[in-house]
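Here is what each chain is made of, one letter per residue.
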2 protein chains.
Amino acid sequence: MRAERTSAERGSAKALTPKGEATRRRIVDGAARVIRSRGVAHTSLDDVREATATSKSQLFHYFPEGKDQLLLAVAAHEADRVLDDQRPALDALDDWPTWIVWRDIVIERYRQQGRTCPLSVLVTQLGREVPEVQSIIVHLFERWQGAIERGILSMQAAGSMPASVDAASAARALLAGIQGGVVIMLATGSVEHLESAIDHSLDALRVAP
Amino acid sequence: MRAERTSAERGSAKALTPKGEATRRRIVDGAARVIRSRGVAHTSLDDVREATATSKSQLFHYFPEGKDQLLLAVAAHEADRVLDDQRPALDALDDWPTWIVWRDIVIERYRQQGRTCPLSVLVTQLGREVPEVQSIIVHLFERWQGAIERGILSMQAAGSMPASVDAASAARALLAGIQGGVVIMLATGSVEHLESAIDHSLDALRVAP
DNA sequence: CATCGAATGGACTATCCGGTCCATTTAATG
DNA sequence: CATTAAATGGACCGGATAGTCCATTCGATG
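Bear in mind the structure is a predicted one, so any value in this text is a computation, not a measurement.

## Looking at the protein's contact with DNA strand D
Part 1 of the argument: Around DNA strand D there are 19 residues in total, and Leu45 and Lys56 of chain A together with Thr17, Ser57 and Gln58 of chain B lie nearest to it.
Part 2 of the argument: Across the atoms of DNA strand D situated within 4 Å of the protein, the share located in sugar and phosphate is 60%.
Part 3 of the argument: At a separation of 2.4 Å, a base nitrogen of DNA strand D approaches a polar side-chain atom of serine 57 of chain B.
Part 4 of the argument: Taken together, the elements giving at least two residues each to the surface near DNA strand D come down to helix H3 (56-62) of chain A together with helix H1 (18-38) and helix H3 (56-62) of chain B.
Part 5 of the argument: For the surface near DNA strand D, the leading source of residues is H3 of chain B, giving five residues.
Part 6 of the argument: Of the residues that constitute the surface near DNA strand D, the class distribution is four nonpolar, ten polar and five charged.

Printed below as a string of structure tokens:
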């Protein structure tokens, strides 16, 4: 249970052969799949074992610190997915059409995801006694907000967004709106709030005619 | 595990004597306290038993459907707390000073709450196989958003907020911003996003001078 | 082909914990 | 004071599951 060693994440793993790496990947992918469909709380290591055609010893061979370490790897995997799903628009918010495309991608992505948020579920499961989980989320938010902020600055430079607004603060507000929209969607099943949140933020970024 | 009966919540309980009600309340309060400090995932019925000076049979006497039913009661309890903590300002958003007071209350409340959100943790734990948990959250959001919307309408009627904005949509965006601000705070420990979200929403509601 | 470490298989253990059961005490009511 | 139902105490059970251990196979390298 306890995660004593603070590293053991990406780099320092011990001599993985290509075959080993493939197996490790298969485990993480499979675990992510199972968790997405069933929820962490109802996913046992045996479920993962079965879904990935591996044995118990393999699970502990690749994740010697146990289940928490595996869940951490899954969380990192899911966090990457979140941003990947928004690309390439997220990295090219340089004109209004791209902003609208991005808006639609985000809304559609979460509409499809529906009532489950693998990431939130993993995070609350691992809880604060596993500090690495927070770094994953913080890092995700930083990258996400950074991309938005870069977009705003780029638009301001082009005169397409008002120079009067503080890009960093606006990016924070927009990111918060998205997160909240998703949270509310998890309960209500509707993206209505997500849409309102993004649209209100974007409205505030339109230049006065 | 299964919660077959859809009621068994507030009303229909079977003949509780004053003493019984007191015990039941003690259990819910105590469970909420333990969960807040330790997280659901690491709270067993024995922990609750110990913290509330009760016996196993009492737990099942008051919550015959088991742990899920108890967690549900705790969730309802925590949801009520959320709104209560914002009163009376939340119900009197009729002038700008009250809006600012409310804003400060919300931010301060969550600043103090810090990195734990008992409600989110309960909800993700119970998951979708317990439908009642969603009603609790949806109901919370409805009441919360309703109060905000009433405030906006009241301000518009007084000419203190622009009549051009759609009160319902603005309330949705503001609520989403708050939720997202809290979510981000859970990861980063900072209320910066919460502040940005609320302030940007309020800025959009100021009448042009 | 021999060797050695990585990769794999799967039985087994230890333990935690939700839930059951029955015995006992408390308290309200006639 | 007798009766009855609610309230309480706590031992016990059964299942689930994280983690261990050792034996076996695979594959690269000399």
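Past the structure itself, the notes keep going.
## Details of the protein's contact with DNA strand C
Part 1 of the argument: With respect to spatial proximity, 19 residues lie near DNA strand C, and among them Ser57, Gln58 and Tyr62 of chain A together with Lys56 and Lys67 of chain B are the closest.
Part 2 of the argument: Those atoms of DNA strand C that come within 4 Å of the protein belong to sugar or phosphate at a rate of 57%.
Part 3 of the argument: Separating a phosphate oxygen of DNA strand C from a side-chain N or O atom of threonine 23 of chain A is a distance of 3.2 Å.
Part 4 of the argument: Between DNA strand C and lysine 67 of chain B there is a distance of 2.7 Å, counted from a phosphate oxygen to a side-chain nitrogen or oxygen.
Part 5 of the argument: Contributing elements (two or more residues each) for the surface near DNA strand C: helix H1 (18-38) and H3 of chain A together with H3 of chain B.
Part 6 of the argument: Top element by residues in the surface near DNA strand C is H3 of chain A. It accounts for five residues.

## Here's the deal with the relation of the copies chain B and chain A
For these two chain copies, the linking operation is a rotation about an axis paired with a shift along it.
Part 1 of the argument: For the match of chain B to chain A, the screw axis carries a shift of 0.1 Å, the RMSD comes to 0.1 Å, and the turn is 180°. Taken together, the turn and the small shift mark the pair as related by a two-fold rotation axis.
Part 2 of the argument: The fraction of interface residues of chain B whose copies in chain A are also interface residues reaches 97%, indicating that both copies meet through the same surface.

## Looking at the interface of chain B and chain A
Part 1 of the argument: Each side of the interface is counted separately: chain B has 39 residues, and chain A has 38 residues.
Part 2 of the argument: For the chain B and chain A pair, buried surface summed over both sides reaches about 2900 Å², with 63% attributable to carbon and sulfur atoms.
Part 3 of the argument: Our count for the contact surface shared by chain B and chain A stands at 13 residue pairs in polar contact (both at pLDDT 80 or more).
Part 4 of the argument: For the side of chain B that touches chain A, the secondary-structure elements that each account for two or more residues are H1, helix H6 (118-126), helix H7 (131-157), helix H8 (167-188) and helix H9 (192-203) of chain B.
Part 5 of the argument: In terms of residue count, H8 of chain B provides more of the side of chain B that touches chain A than any other element does, 15 residues in total.

## What to know about the domain arrangement of chain A
Residues and elements named next belong to chain A.
Part 1 of the argument: According to the domain assignment, chain A consists of domain 1 (18-64) and domain 2 (74-203).
Part 2 of the argument: One C-alpha centre belongs to domain 1, the other to domain 2; they are set 28 Å apart.
Part 3 of the argument: Listed per partner, the contact involves seven residues of domain 1 and nine residues of domain 2.
Part 4 of the argument: Roughly 730 Å² of surface becomes buried between domain 1 and domain 2 when both sides are summed, with 71% attributable to carbon and sulfur atoms.

## Here we look at the UniProt feature "domain: HTH tetR-type" (unreviewed entry) in chain A
Part 1 of the argument: UniProt tags residues 21-81 of chain A as "domain: HTH tetR-type" (unreviewed entry).
Part 2 of the argument: Annotation note: span residues 21-81 of chain A, helix share 79%, strand share 0%, distance between end C-alpha atoms 19 Å.

## Some remarks on the state of the cysteines
Part 1 of the argument: Per the stated rule, a full pass over the model turns up zero disulfides over all chains.
Part 2 of the argument: Residue cysteine 117 of chain A stays outside any disulfide, its sulfur separated by 14 Å from that of cysteine 117 of chain B, the closest cysteine.
Part 3 of the argument: Classification of cysteine 117 of chain A by relative accessible area gives buried; the value is 17%.

## Looking at the packing of helix H4 (residues 67-84) of chain A against helix H7 (residues 132-157) of chain A
Residues and elements named next belong to chain A.
Part 1 of the argument: Contact pair H4 / H7: the axes reach a minimum separation of 10 Å and the direction vectors enclose 10°. Taken together, the axes of H4 and H7 are roughly parallel relative to one another. Taking contact as the criterion, the partners of Leu72, Ala75, Ala76, Ala79, Asp80, Val82 and Leu83 in H4 are, on H7, Glu132, Val133, Ile136, Leu140, Arg143 and Trp144.
Part 2 of the argument: Considering only residue class, the contact of H4 with H7 consists of ten nonpolar, no polar and three charged.

Criteria and thresholds
Numbering of residues starts from 1 in each chain and follows the order in which that chain's sequence is written. Numbering of ligands from 1 and lettering of chains from A proceed in the order in which they are written. Reporting in this predicted model follows two pLDDT cut-offs: at least 70 for local features of residues, and 80 or more for side-chain atom pairs to be given and counted; totals over whole chains, interfaces and linings ignore these cut-offs and use all residues. Values shown for side chains rest on all heavy atoms present in the structure; no hydrogens or waters enter the calculation. We call a residue near a molecule or strand as soon as one heavy atom of that residue lies within 4 Å of the molecule or strand. In protein, a polar contact requires one atom able to donate a hydrogen and another able to accept it; more generally it is a pair of N or O atoms within 3.5 Å, and residues adjacent in sequence count only if both atoms are side-chain atoms. Helix and strand definitions follow DSSP, with helices as H or I runs of at least four residues and strands as E runs of at least two, each counted in order from the N terminus. Residues were grouped as follows: Ala, Val, Leu, Ile, Met, Phe, Trp, Tyr, Cys and Pro as nonpolar; Asp, Glu, Lys and Arg as charged; and all remaining residues, including Gly, as polar. Least-squares superposition aligns the copies on the C-alpha atoms of those residues with pLDDT at or above 70 in both. By definition in these notes, contact holds between two residues if any of their heavy atoms fall within 4.5 Å. Here the buried area means the combined drop in accessible surface, using a 1.4 Å probe, for two parts upon being joined, counting both sides. Domain limits in this description derive from either an automatic procedure or a database domain assignment. UniProt positions are given in the numbering used here, feature names are shortened, and annotations may be inferred rather than shown by experiment. Throughout, disulfides are identified as pairs of cysteine sulfur atoms within 2.5 Å of each other. The buried label applies to any residue whose accessible area, calculated with a 1.4 Å probe on protein chains only, is under 20% of its type's maximum; exposed applies above 50%, and partly exposed to all values in between. Angles here are taken between N-to-C directions and fall from 0 to 180 degrees, while the axes themselves are lines fitted to C-alpha atoms, restricted in helices to the stretch in contact. Throughout, the term roughly parallel applies to angles under 35 degrees, roughly antiparallel to angles over 145, roughly perpendicular to angles from 65 to 115, and oblique to all others.

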